Structures are given as C-alpha cells and as structure tokens.
Amino acid sequence: MDDLWTGARSELEARVGTHNYVTWLAPLSLRAIDGGSADIACPTRFLSDWVSRHYARPILDALVHQGAEVERLSFTVAAPSPAVDTRPAELRPVDSIPRAVASPMPATAAAAAAAPAPVRAPLRDEEMTAPLDARFTFDNFVVGKPNELAHAAARRVAEGGHVTFNPLFLYGGVGLGKTHLMHAIAYERQTRDPQARILYLSAEQFMYRFVQALRERTVMDFKELFRTVDLLMVDDVQFIAGKDSTQEEFFHTFNALVDQGKQIVISADRAPGEIKDMEERIKSRLSCGLIVDLHPTDYELRLSILQSKTEQFRLTYPGLRLGQGVLEFLAHRITSNVRVLEGALQRLFAFASLMGREIDLDMTQECLTDILRASDRKVTVEEIQRKVAEHYNIRLSDLVGPKRVRTLARPRQIAMYLAKQMTSRSLPEIGRRFGGRDHTTIMHGIRKIEELRTEDRSLAEDIDLLRRSLEA
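Residues numbered from 1 in each chain as written. Predicted model: local features only at pLDDT ≥ 70, side-chain atom pairs only at ≥ 80, totals over all residues. Heavy atoms only, no water.

Formally: UniProt positions are given in the numbering used here, feature names are shortened, and annotations may be inferred rather than shown by experiment.
You'll find the protein entered in an unreviewed UniProt entry as Chromosomal replication initiator protein DnaA, with Paracoccus niistensis given as the organism. The record held by UniProt for the protein lists under Subunit (unreviewed entry) the comment "Oligomerizes as a right-handed, spiral filament on DNA at oriC." The UniProt entry for the protein carries the following comment under Subcellular location (unreviewed entry): "Cytoplasm".

Thoughts on helix α8 (residues 148-159)
Under the convention used in this document: For the purposes of this entry, the term helix denotes a DSSP run of H or I that reaches at least four residues, the term strand denotes a run of E that reaches at least two, and both are numbered from the N terminus. By definition here, a helix of n residues has an expected span of 1.5 Å times n minus one. Contact criterion: two residues are considered in contact whenever any of their non-hydrogen atoms come within 4.5 Å of each other.
With 12 residues, α8 ought to run about 16 Å at 1.5 Å a step, and its terminal C-alpha atoms sit 17 Å apart, in line with that. Contact partners of the buried residues in α8: β4 (168-171), α9 (178-192), β6 (231-235), β7 (263-268) and β8 (290-293). Once α8 finishes, Gly 160 follows within two positions and takes phi at roughly 80°, a positive value.

Some thoughts on the sheet that holds strand β1 (residues 29-34)
Note the threshold: In short, DSSP must find at least two bridges between two strands for them to pair. Axes here refer to lines fitted to C-alpha atoms; in helices the fit is confined to the stretch in contact. Angles between the N-to-C directions go from 0 to 180 degrees.
Pairing is mixed across the open sheet formed by 3 strands, whose spatial order is β1-β2-β3. Lying at the two open borders of the sheet, with one neighbouring strand each, are β1 and β3 (72-77). Sheet twist, expressed as the average angle between the axes of neighbouring strands with direction ignored, equals 25°. Sitting on the sheet, helix α3 (residues 45-54) touches β2 (37-42) and β3, and the angle it makes with β3 is about 165°. Across the sheet, helix α4 (residues 56-65) lies against β1, β2 and β3, angled at about 115° from β3, the strand it touches most.

Looking at the pairing of β7
For clarity, the threshold we go by: Exposed residues in this analysis have more than 50% of their type's maximum accessible area, buried residues have under 20%, and partly exposed residues fall in between, with area computed by a 1.4 Å probe over protein chains only. For a crossover, the right-handed case is the one in which the path from the first strand over the helix to the second runs clockwise, viewed with the strands pointing away from the viewer.
Of all the 6 residues making up β7, 6 are buried; the element is thus mostly covered by neighbouring parts of the structure. The alternating pattern of β7 places Gln 263, Val 265 and Ser 267 and Ile 264, Ile 266 and Ala 268 on opposite faces, both of which are buried. Across 4 bridges, the pairing between β4 and β7 is parallel. Note that in β7 the partner of Phe 169 across the bridge is Ile 266. Relative to β7, β6 runs parallel, the two being bridged by 4 bridges. Pairing of Leu 232 across the sheet is with Ile 264, part of β7. One crossover worth recording links β6 to the parallel β7 by way of helix α12 (residues 244-259), and it is right-handed.

Here we look at the pattern of salt bridges
Convention followed: Every case where a carboxyl oxygen of Asp or Glu lies within 4 Å of a side-chain nitrogen of Lys or Arg is listed as a salt bridge.
Within the structure shown, the criterion is met by 21 salt bridges. Glu 249 is the partner of Lys 223 in a salt bridge, and the nearest nitrogen-oxygen pair spans 2.9 Å. Here Lys 223 is found in helix α11 (residues 219-226), whereas its partner Glu 249 is found in helix α12, with 26 residues between them in sequence. Under the relative-accessibility criterion, Lys 223 is labelled buried at 4%. Residues Glu 249 and Arg 227 are paired through a salt bridge, measuring 2.5 Å at the closest nitrogen-oxygen approach.

Things to note about helix α14 (residues 299-316)
Helix length check: α14, at 18 residues, gives a terminal C-alpha distance of 26 Å against a target of 26 Å (1.5 Å per residue), a fit within 8%. Along α14, the residues classified as buried are Leu 301, Arg 302, Leu 303, Ile 305, Leu 306, Lys 309, Thr 310 and Phe 313. Tucked into the core, α14 has its buried residues touching α15 (326-333) and α16 (338-355).

So, the side chain of Thr 364
Position of Thr 364 relative to the elements: it lies in helix α17 (residues 361-367). Owing to a relative accessible area of 0%, Thr 364 belongs among the buried residues under this scheme.

A few points about unusual backbone geometry
Excluding glycine, most residues fall at negative phi; most peptide bonds, likewise, are trans. Residue Pro 167 follows Asn 166 across a cis peptide bond; omega there is 5°. Look at Asp 236: it is not a glycine, yet its phi comes out positive at around 55°. Along the chain, the position of Asp 236 falls in the loop between β6 and α12. Residue Asp 236 is classed as partly exposed on the basis of its relative accessible area of 25%. For Asn 393, which is not a glycine, the phi torsion comes out positive at approximately 55°. With respect to the secondary-structure elements, Asn 393 resides in the loop between α19 (381-391) and α20 (396-400).

What follows is the structure, given as structure tokens:
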C-alpha cells in the first residue's frame, strides 16, 4: 500500500505541478483499497471537498497507472498517516531520520524530542476579522454625486442574495469614504443575516495572517477559513503588490470563492490596472467585476457632510451656537478630503466649548489657521511635471525637452493641461517651464487634452488620478 501511494504521489506531482501538489495533495494519505474503492484521508473537510471536486480524476488515474484495481474514490476527514520515506538514511533530510541515528542524546532529551508538539487551535472568524466601527453605517454615509454609484453598489452587496457583479472594487483617494462603505457593508450584511460568515480585514492583515500560518504550520486552517466564508472584504489591496507569496495565496483564495459564488469586496487607492507590481492575472481578476471610482468631493457634498456632522456634534456639545456662513466657509476652503473636514469641525466645537464662545468666522480662522494654510498650498508647475513624469515612467528631461515622439508628447500635453488648471501661471510662463515653448503650443496641447478627455476614458482616469495625487 505504501509503495502504491508513493508511486501515485510522484506521478501526481509531475502532473499537477509542485505548488498545487504541495498545497492540495501532499497532506493526503491512502487508507485502504476495498471493493474497487480507494479511501483517501484528508485532514480537513474543506480540503476533502476541494480535492474531490478538482483532483479526483488525476488521483484515480495515478492509482490505476500504478496497478491498483480502483474504480472510484471516497474521501474521509481524518489525520493522514505519515508517508514512508524509502530513501537511504544518508539521503533523507535530517528531520526525517530517527533521532538515535541523527544525533545521539540522553534518554531524557530524546523523550522530550519525541513528545508531540502542542496542537494549535484552528483559526476562527473572530480572530481574523478587523473590528467594525459602529459609526460607519449606511445611515451615517452622506451621499452626493461623486459617491452615489459607490453607495448604490455597496448597498446592493449588503442586501445579500444574487449579485450580478463580483468582485465589487472600490477605489479613490484618501478620505473619500472607501473604508466607511466597507464597514457599512459588513455591518448591514451581518444585521440582515446573523449566520453569514463575513471576513473583513486589511491587505496587510491578510499578509500577516498568511505568513503566521506558514510559520506555525497552520496553512490548511488558513485556507479553510478564508475559502469557506460568505463575504470576503479586503481593504487597501495595493499593499500586497510586490509580495509574491501573498499574491499567490490571494489569487487562489479569490478563485476559490468566485467558483463557489461567494461575494468579494475590495478597496484600493487606485484602479486595478494602476497598481504597480501587482501580478497581471490578479489585475485581470479584479477587473472582472464592478469597478467604482469614489471621486473627490464637490462643494455640495462637503456642505452636506458638514451639516450632518454638525447635528451629531450638537448632541455632544449642547447649547453651542454656530454662526451663519461658517459651514459654507469650511466647505469652500477645505477641499483635500473628508477626514480633514471632519477633524476641523470637531476642533471648532471642542475649542468653542472650552472657551465658551460662539463659533463664528473670526473664531474659525483663528482656530484653524494651520489647516486653512495647508489647504491653501499652491501646486507648482515643477511639481506637476515631476508627478506626470513619474506616473508615465519617463525622464523629466524628456518631458520638457524637444523630442516629439508620441510616448512623450501625450504626457507633456497632460502636464501642460494640469499646469493651466491647477496653477495661476499664464500660458507664456507655462511655456517657459516647458523648454521655452511658445504660448500657442501650450494652448494647442491644452485643447487637445480637453478634446481627448471626453473620448478616452483611460486618459480621463489618468488625469483624475494625477489631480488627486497633486492635491493630497
């Protein structure tokens, strides 16, 4: 029996590849063959279900090829018996050689070494899920034109049932509401279906838990937990870019859940195609669902957010008076992101409470001097040039130089367009900073980008991404 299974294992590794073999087939063992049925032992129910769906035929073919009279397989959840290594002792790894042969030691030490290692309890959902913030619900999310599609898509996922898009991919700059929507989805789904298995965590936590599972040899527990959930939510997925092993595991987890019809929600600071060092196959998978961009807030949305937060703060600071025009002033002056906006309002209410003063425009400017000064920071033409050159992976000297090849001309025109939109420089001044070009050349480049923005969605997304990056 041992020789038969050893031969089958070798054949399976050659057929499915080392990675798939180590992940799915190495933990199995052959318990018995009786009446044309081979009984395969699997350490977990998840592994049993996965192998029976994806690898039953290769296992059966390998056993038959080794001479076994087998017509069908049965899978039993049980600890597999250790495989017998038939190689000579000198060719085996030290860990597989009996202790007495590998290195003589006192009897007491040998007994301690032979003692079974403590068994780590399987990972549980509550150990993996990041804590949810009770403030981040749909009721507290202010909807406006820049985020209405993201809100509608998040609501649909939170309702459960059949969703026509999978995954839901939310992306946008800092403080635009991605994390708020992620928390709201998890909270709403759990409220609607208390039995649903929901796993919400950051990409950094996913990576940490995977590395921990590798170190503690609980990879199968990790796989079983992540691949048997009803809703998987991963925040800031861009942080696994460049981490090869973590990307590999994330890819297989993603595929396993999609194959089972389970919902996935992902967030990032940029679109899938813009994430550097992310494997192309993962980018492709992430792009298969609904990709929603949370646009920078406009004046109306910022004012609505401030009005909503003011009602909440009045409960904490009863009796405080808010002067006319303060919220409109803040909505107009603080445009970077919602977190800064909320922090400014919180500071105003706290300051007014401590000083016993009314919140008027004079006090607002006195209390928020640093925030207002930072919001007034001017973007320079040089900053725009550096950011555009970095984004398109070209040299700054080529961007402002005389070459007219298309790979340089289009980024150069985008930089000209942004310089006109985001700075107070005149066309001749912009031209001087682009290698002494005439103002008519600058004007032509700006008009060209204005035309292309309405036709080329990819270019429009590049410009929005660059603008957010420069404003951050």
